[in-house]
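One letter stands for each residue in the lines below.
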Amino acid sequence: MPHFNLALLGFGNVGQALAQLLIRKQNDLATQHEITFTVTGIGTGHHGTALNPDGIDLHRAISLMNAGGTLDTLSTQTVPTDGLDLINNCSADVLFENTPVNYQSGQPALDHLHAALNLGMHAITANKGPVVHGYKVLSSLAASQNRKFYFESTVMDGAPIFSLFRETLPTAHLISFRGILNSTTNLILSRMEMGEDFDEAVAYAQSIGIAETDPSGDIDGWDASIKVAALVTVLMGIPFKPADVDRQGIRNLTSADIHQAKQTGKRWKLVCSAQRDADNVKARVFPEMVPSNSPLYTIGGTTSIVQFKTDVLGSLSVIETDPGPETTAYGLLADFVNAVRQ
């Protein structure tokens, strides 16, 4: 039975959810997939780093994080100074890279994944930045090393988007897509329909951990734009950056706008779309009033949807209801299984 050493770089909500999922699914991995594992390295931005070639106790690591402690106490070797130092010394077979996204450059996640692949590790990430800023380079490097660069969790958490096309839709050509890809703005708009004003709806999203302290990445459309860019880059095969997306967020929508839409039987949604024409793509993230006969009309709260139009299947939709850290973590776990069993 193959055994794999794992390193987790980034141990926030998603990283801890992944650790909990690894614990919960440990027996399933062994009995259903003949996979066993040891976590040899965990790196955080503000709570220290653990390095132990004999295996880190994940229960203790999670408890330390919840208590505001440092993971340094779990190290049996010299504590790494940064992410690259951890990668170079963790002796891992698989790196899970889950550091915060950088919309402009994809760093430092790009360097982390590049280093891991050069060392012969499979590279798995929930970070959208490396997909739009380094997909071709990282994919080519992975192929040259006979390893995998997978990123299922970057667009719709654990919902199978990239693997859907990679594994089950051979020779299908993606012509266009349209959907709701940012759950935070969708929740804000849903709360505004319930009577809250914009600031109250944002505050609620922050209170439940859906929106960041600085919510501009969501409400100004950057998160949605980088997801659109990732889909275009990977599924359409055309390199695309967030700046290439025609973008407008929901910051300027008012309660009066929401009320007016309701009066006409419509709803405001932050709609993501891309249309391919030969080797060119027009992509857009924009607030739209969608009518009641649109599939997007019924998508409320933190639920997401994407509708794909291909040359062989017409319209194909994927809907994910109320995602959270565990659904994102499941995408990482699925990538791990798919990477090592092929």
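In case you missed it, the structure is sitting above this.
Since the model is a prediction, treat every value here as computed from it, not as a measurement.

Section: the overall build of the protein
Next, step 1: Across its full length, the protein carries 14 helices and twelve strands.
Next, step 2: A compact globule built from 342 residues would reach a C-alpha radius of gyration of about 20 Å, and the protein, at 20 Å, matches this within 12%.
Next, step 3: Seen along its three principal axes, the alpha-carbon backbone of the protein occupies a region of about 65 × 45 × 35 Å.
Next, step 4: Only carbon and sulfur atoms are counted for the fraction: they give 47% of the accessible area of the protein, which is about 15000 Å².
Next, step 5: Of the charged side chains in the protein, 23 are positive and 34 negative, and the gap between their average positions amounts to 7 Å.

Remarks on helix α5 (residues 109-118)
Next, step 1: Of all the ten residues making up α5, seven are buried; the element is thus mostly covered by neighbouring parts of the structure.
Next, step 2: All of the buried residues along α5 are Ala 109, Leu 110, His 112, Leu 113, Ala 115, Ala 116 and Leu 117.
Next, step 3: Buried-residue contacts for α5 involve β1 (3-9), α4 (83-89), β4 (94-97), β5 (122-125), α6 (128-144) and β6 (149-150).
Next, step 4: Backbone geometry just downstream of α5 places Gly 120 in the positive-phi region, at approximately 85°.

Remarks on the pairing of strand β10 (residues 280-291)
Next, step 1: Where strand β8 (residues 246-247) and β10 come together, two bridges link them in parallel fashion. Bridge pairing in β10 places Asp 246 opposite Arg 284.
Next, step 2: Relative to β10, strand β9 (residues 266-277) runs antiparallel, the two sharing twelve bridges. Bridging from a neighbouring strand, Lys 266 pairs with Pro 291 of β10.
Next, step 3: Hairpin remark: β9 followed by β10, antiparallel, with two residues in the connecting loop; positive phi at Ala 278, about 60°.

Let's talk about the nonpolar core
Next, step 1: Core analysis: the largest hydrophobic core is formed by 72 residues, its most contacted members being Phe 177, Ile 188, Val 228, Val 232 and Leu 235.
Next, step 2: When residues of this core are assigned to their parent elements, the largest contribution, nine residues, is made by helix α12 (residues 222-235).
Next, step 3: Beyond its immediate stretch of four places on either side in the chain, Leu 235 contacts Ile 161, Phe 162, Phe 165, Leu 174, Ala 230 and Phe 308.

Looking at the sheet that holds β8
Next, step 1: Pairing is mixed in the open sheet, where six strands are placed in the order β8-β10-β9-β7-β11-β12. Of all strands in the sheet, those bounded by a partner on one side alone are β8 and β12 (314-320).
Next, step 2: As paired strands, strand β7 (residues 174-180) and strand β11 (residues 304-310) are joined by six bridges and run antiparallel to one another. Each residue of the ladder has a partner; that of Arg 178, found in β11, is Gln 307.
Next, step 3: Running at roughly 150° to β9, helix α9 (residues 183-193) makes contact with β7, β9 and β11 of the sheet.

Brief notes about the packing of aromatic side chains
Next, step 1: Enumeration according to the criterion identifies seven aromatic pairs in this entry.
Next, step 2: A ring pair is formed by Phe 151 and Phe 162, whose centres lie 4.9 Å apart and whose planes are at 75°; its orientation type is edge-to-face. Of this pair, Phe 151 sits in the loop between β6 and α7 (153-156) while Phe 162 sits in helix α8 (residues 162-168); the two residues are eleven residues apart in sequence, bridging distant segments of the chain. The same class applies to Phe 151 and to Phe 162, which are both buried.
Next, step 3: Across from the ring centre of Tyr 297, 4.4 Å away, lies the NZ or CZ of Arg 267, which sits over that ring.
Next, step 4: For Arg 284, the ring lying beneath its charged end belongs to Phe 286, and the centroid distance is 3.9 Å.

Observations regarding α6
Next, step 1: With 17 residues, α6 should cover 24 Å at 1.5 Å per step; its first-to-last C-alpha distance of 22 Å lies within 8% of that length.
Next, step 2: By the largest-angle criterion, Gly 134 marks the main kink of α6, which is about 90°.
Next, step 3: Among all positions in α6, only Lys 128, Gly 129, Pro 130, Val 131, Val 132, Gly 134, Leu 138, Leu 141 and Ala 142 are buried.
Next, step 4: Looking at the buried residues of α6, the elements they touch are α5, β6, α7 and α12.
Next, step 5: Positive backbone phi, at 55°, marks Asn 146, one or two positions downstream of α6.

Some details on unusual backbone geometry
Next, step 1: Along the chain, Gln 107 connects to Pro 108 via a cis peptide bond; the corresponding omega equals 0°.
Next, step 2: If you trace the backbone, Pro 108 turns up in the loop between β4 and α5.
Next, step 3: Even without a glycine there, the phi angle at Asn 146 is positive, about 55°.
Next, step 4: With respect to the secondary-structure elements, Asn 146 resides in the loop between α6 and β6.
Next, step 5: Asn 146 gets classed as exposed once you look at its relative accessible area, which sits at 63%.
Next, step 6: Although it is not a glycine, Asp 157 adopts a positive phi angle of roughly 55°.
Next, step 7: Among the structural elements, Asp 157 can be located in the loop between α7 and α8.

How each quantity is defined
Residues numbered from 1 in each chain as written. Predicted model: local features only at pLDDT ≥ 70, side-chain atom pairs only at ≥ 80, totals over all residues. Heavy atoms only, no water. Helix = DSSP H or I, 4+ residues; strand = E, 2+ residues; numbered from the N terminus. Rg over C-alpha atoms; globule rule 2.2 N^0.38 Å. Areas by Shrake-Rupley, 256 points an atom, 1.4 Å probe, with all protein chains shown as cover. Lys, Arg positive; Asp, Glu negative; His and termini not counted. Charge placed at Lys NZ, Arg CZ, Asp CG, Glu CD. Buried < 20%, exposed > 50% of the residue type's maximum accessible area, 1.4 Å probe, protein only. Contact = heavy atoms within 4.5 Å. Pairing = 2+ DSSP bridges. Core = buried A, V, L, I, M, F, W, Y, C linked by side-chain atoms within 4.5 Å. Axes fitted to C-alpha atoms, helices over the stretch in contact; angles between N-to-C directions. Phe/Tyr/Trp six-rings, centres within 6.5 Å; stacked < 30°, edge-to-face > 60°. Lys NZ or Arg CZ within 6 Å of the ring centre and 35° of its normal. Expected span 1.5 Å × (residues − 1). Bend = angle between axes of the 7 residues up to and from the residue.

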